[in-house]
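In case you want the letters, here they are:
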Amino acid sequence: MSHPDPARVAQVRANLDAVRARIDAACAKADRDPAEVSLVAVTKTYPASDVRVLASLGVTDVGENRDQEAAPKAAETADLDLTWHFVGQLQTNKARSVAGYADVVHSVDRARLARALGERAAAAGRHLTCLIQVNLDSDSQAGVIGPRGGVDPRDALDLAERIDEHEALTLGGVMAVAPREGDAHAAFARLRAVADRVRDRYPGAAAISAGMSGDLEAAVAHGSTHLRLGTALLGDRAPIVG
Ligand SMILES: *Cc1c(COP(=O)(O)O)cnc(C)c1O
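To start, this report covers the structure provided alongside it. All values reported here derive from a predicted model rather than from experimental measurement. (Residues numbered from 1 in each chain as written. Predicted model: local features only at pLDDT ≥ 70, side-chain atom pairs only at ≥ 80, totals over all residues. Heavy atoms only, no water.)

### Quick word on the overall build of the protein
For the protein, the helix and strand inventory stands at 10 helices and eight strands. The C-alpha extent of the protein, read off along each of the three principal axes, is 50 × 45 × 35 Å. Here the protein, with 242 residues, has 50% of them falling under the buried criterion. Within the protein, contacts between residues separated by at least 24 positions form 61% of all contacts whose residues are at least 6 apart in sequence. On the protein, the mean spot of the 28 positive side-chain charges and the mean spot of the 33 negative ones are 3 Å from each other. (Helix = DSSP H or I, 4+ residues; strand = E, 2+ residues; numbered from the N terminus. Buried < 20%, exposed > 50% of the residue type's maximum accessible area, 1.4 Å probe, protein only. Contact = heavy atoms within 4.5 Å. Lys, Arg positive; Asp, Glu negative; His and termini not counted. Charge placed at Lys NZ, Arg CZ, Asp CG, Glu CD.)

### A few points about the site of the ligand
Neighbouring the ligand are the residues Val42, Lys44, Asn65, Val87, Met175, Met212, Ser213, Arg228, Leu229, Gly230, Thr231 and Arg237. Ser213 places a side-chain nitrogen or oxygen 2.5 Å from an oxygen atom of the ligand. Separating an oxygen atom of the ligand from a backbone N or O atom of Thr231 is a distance of 2.8 Å. Computed on the free molecule, the ligand has an accessible area of 390 Å², of which 89% lies beneath the protein chains in the complex. Its atoms largely coinciding with the cavity grid, the ligand occupies the largest pocket. Looking at the shell around the ligand residue by residue, the classes come out as five nonpolar, four polar and three charged. (Near = heavy atom within 4 Å. Polar contact = N/O pair within 3.5 Å; in protein donor to acceptor, adjacent residues only side chain to side chain. Areas by Shrake-Rupley, 256 points an atom, 1.4 Å probe, with all protein chains shown as cover. 1 Å grid on protein atoms, 1.4 Å probe; cavity = no way out; pocket = protein on both sides within 12 Å on 5 of 7 lines; lining within 4 Å. Sits in = over half its atoms within 2 Å of the grid points. Nonpolar A, V, L, I, M, F, W, Y, C, P; charged D, E, K, R; others polar.)

### Examining the layout of surface pockets
Of the voids in this model, the largest pocket is the one considered here, and its volume is about 400 Å³. The class makeup of the residues in the lining of the largest pocket is five nonpolar, eight polar and five charged. (Points joined across faces, edges and corners; volume = space filled by probe spheres on them.)

### Points about helix H2 (residues 48-56)
Because an α-helix packs 3.6 residues into every turn, residues spaced three or four apart end up facing the same way. The complete set of buried residues in H2 reads Ala48, Asp50, Val51, Arg52, Val53 and Leu54. Here the buried face of H2 lies against helix H1 (6-30), strand S1 (38-42), strand S2 (61-64), helix H3 (67-76), strand S3 (83-86) and helix H10 (231-234). Gly58 sits one or two positions beyond H2 and adopts a positive phi of about 95°.

### Some words on the pairing of S2
Neither face of S2 is exposed, since Asp61 and Gly63 on one face and Val62 and Glu64 on the opposite face are all buried. By the bridge criterion, two bridges tie S1 to S2 in an arrangement that is parallel. Bridging across to S2, Val42 finds its partner in Gly63. In the classification by handedness, the crossover that spans S1, the intervening H2 and the parallel S2 is right-handed. Note that S2 and S3 share four bridges and pair parallel. Bridging across to S3, Gly63 finds its partner in His85. Since S2 and S3 lie parallel, the crossover through H3 that links them has a hand, and here it is right-handed. (Pairing = 2+ DSSP bridges. Right-handed = clockwise from strand over helix to strand, strands pointing away.)

### Quick word on helix H8 (residues 184-201)
An ideal rise of 1.5 Å per residue puts 26 Å on 18 residues; H8 measures up with 26 Å between its terminal C-alpha atoms. Considered for burial, the residues of H8 that qualify are Ala184, Ala187, Phe188, Leu191, Val194, Ala195 and Val198. The buried residues of H8 all sit within an arc of 115° when viewed along its axis, so they share a single face. Buried residues along H8 sit against strand S5 (128-133), helix H7 (156-164), strand S6 (169-175), strand S7 (207-209) and helix H9 (216-221). (Expected span 1.5 Å × (residues − 1). Arc of directions from axis to C-beta.)

As structure tokens, this is what we get:
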């Protein structure tokens, strides 16, 4: 594998510096230690060569939202020993593939998926950390923009139990995507309340995966421990065709 293109490295390094400055500023404002906030670089639509660029800059955690794209990319960069995060809607029939390369699945939103992941991970001799994806859309919005995934906040503890019962799965915490409309602060505050309830019952489930390129400051203010950042690191994505 050739060395990463120096111009691309310089560009992504500048983006990474800018992102770290934003995270530091958000943490200072929230009186939090930046060491509590992990960065997951979401590489969807970008080539495996960009995964190498990120790794060369010290990024250890990468995320993808579609198995068709993630599986080959993870295979191409297996030598880098990265931690792979699956962050997108996941069909049960993809559980076997995802359990083969992912370390953390952020988007567990139903018991059937937890069971499929638990069985597939066990069969592959692997271990997965699972986050409960929580739906923060109000009902009216869900009707307009379509479901974005996630359990109703009231069902989060039931799903936590369904994840926790699998030997090959560890309940890691919660995840959400802020609604497209409305106040990200209010949404992330709701997620925080769900996270607190889950952690009361499962003290190890401390992760709060919240915050993307446009709303990382609001997420940090409400306790995010894992920021999922794509465009801020790699640039605007080309529209997905088909
Ligand atoms: C694409 C994606 C991200 C990253 O979004 P950016 O706005 O590019 O930072 C985060 N989370 C999920 C679930 C995504 O699909």
